[in-house]
Amino acid sequence: GPGAGPGPPPGAAQGPALPAQAATAQAQDFDPVQRFRLLLPQLKESLQTLMKVAAQNLVQNSSIDNGQKSTDGALQRFDKSLEEFYALCDQLELCLRLAHECLAQSFDSAKHAPALVPAAPKAEGGSLGGSLGVPGVPGGLGGTESLPYTQYLPLIKAQIAGAKDIHNALLEGTNKITGRLPPPGGP
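Residues numbered from 1 in each chain as written. Predicted model: local features only at pLDDT ≥ 70, side-chain atom pairs only at ≥ 80, totals over all residues. Heavy atoms only, no water.

The name an unreviewed UniProt entry gives the protein is Mediator of RNA polymerase II transcription subunit 29, with Molothrus ater as the organism. UniProt, in its Subcellular location (unreviewed entry) section for the protein, records the words "Nucleus". Of the protein, the UniProt comment under Sequence similarities (unreviewed entry) reads exactly: "Belongs to the Mediator complex subunit 29 family." (UniProt positions renumbered as here; feature names shortened; annotations may be inferred.)

The following block contains the structure:
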């Protein structure tokens, strides 16, 4: 139905978009919360239209049933209005699901890598630690947003252990599938 597609909202300019406007519009398409905010007024308008069409059809059907009026009037179709409303509801549901998935992924990311370890600057002099970009070493990039080197090592060891566990689980799974026995000495 009209307004249910991903096209521009009614009244939007149809001329060629500037590159900055196109980039902004594209960024809004990828942000589920922004897309939700844009679709919500459309949903409200669609619901109002749906209720208006339903009321008009109900009044006309009631008049016809009471023998007061014939079927001469051309009314909007209720099923089209309902279809448009459901299409907007589906789009909003997808936006909310995507936002929920993004939030869950963000929580998982924060859980498995609780702090950022910044990369080394390209042209910064100083001590060996500063030139390598090792956090917590004098001349390095240590700060409140990064981990000190003493906390960085256990994090890396935990990530390596996790990678080894995944590797071993994959090897065990492939061995079970192919029917091979594990190599002597364990995985």
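From this point on, the discussion continues.
A short note on the overall build of the protein
A count of helical and extended segments in the protein gives five helices and zero strands. Listing each helix as α and each strand as β along the protein from the N terminus yields α-α-α-α-α. Counting every atom, the protein has about 14,100 Å² of accessible surface; 62% of that belongs to carbon and sulfur. (Helix = DSSP H or I, 4+ residues; strand = E, 2+ residues; numbered from the N terminus. Areas by Shrake-Rupley, 256 points an atom, 1.4 Å probe, with all protein chains shown as cover.)

Focus on the nonpolar core
With seven residues, the main nonpolar core is built from L39, L43, L50, F85, L88, L92 and C95. With four residues, the top contributor of residues to this core is helix α3 (residues 78–112). (Core = buried A, V, L, I, M, F, W, Y, C linked by side-chain atoms within 4.5 Å. Buried < 20%, exposed > 50% of the residue type's maximum accessible area, 1.4 Å probe, protein only.)

Let's talk about the pattern of salt bridges
Once their charged atoms are close, side chains differing in charge can pair, the charge on each being opposite to the other. This model, assessed by the stated rule, comprises three salt bridges. Put simply, D79 and R77 hold a salt bridge, and the shortest N to O gap is 2.6 Å. For R97, the salt bridge identified is with E93, shortest N-O distance 2.7 Å. You can see R97 and its partner E93 sitting in helix α3, four residues apart, about one turn around the helix. For R97, a relative accessible area of 53% translates into the label exposed. (Salt bridge = Lys/Arg side-chain N within 4 Å of Asp/Glu carboxyl O.)

Remarks on α3
With 35 residues, α3 extends 51 Å between its outermost C-alpha atoms, agreeing within 8% with the 51 Å of an ideal straight helix rising 1.5 Å per residue. In this structure, the buried side of α3 is in contact with α2 (32–65). (Expected span 1.5 Å × (residues − 1). Contact = heavy atoms within 4.5 Å.)

Side note on the packing of α2 against α3
Packed helices, taken two at a time, are described by the angle their axes make and the gap between the axes. Interaxial distance between α2 and α3 falls to 9 Å at its minimum, and their mutual angle equals 160°. Taken together, α2 and α3 sit at an angle that is classed as roughly antiparallel. In this structure, α2 meets α3 at a crossing whose hand is left-handed. Among the residues forming the contact of α2 with α3, the class breakdown is 20 nonpolar, six polar and two charged. (Axes fitted to C-alpha atoms, helices over the stretch in contact; angles between N-to-C directions. Parallel < 35°, antiparallel > 145°, perpendicular 65-115°, else oblique. Left-handed = near helix turned anticlockwise from the far one by under 90°. Nonpolar A, V, L, I, M, F, W, Y, C, P; charged D, E, K, R; others polar.)

Points about helix α5 (residues 149–178)
Taking 1.5 Å as the rise per residue, α5 with 30 residues should run 44 Å; its terminal C-alpha atoms sit 43 Å apart, in good agreement. Just beyond α5, the residue with positive phi is G179, at close to 85°.

Notes on the confidence of the model for the protein
When the pLDDT values of the protein are averaged, the result is 74; 59% of them are 70 or greater. In the predicted structure, residues 1–17 sits below a pLDDT of 50 and forms 11 contacts with residues beyond four places in sequence or in another chain. Here residues 123–144 is modelled with pLDDT under 50, and outside its nearest four sequence neighbours on either side it reaches 35 contacts, counting other chains as well. (pLDDT = per-residue confidence, 0-100.)

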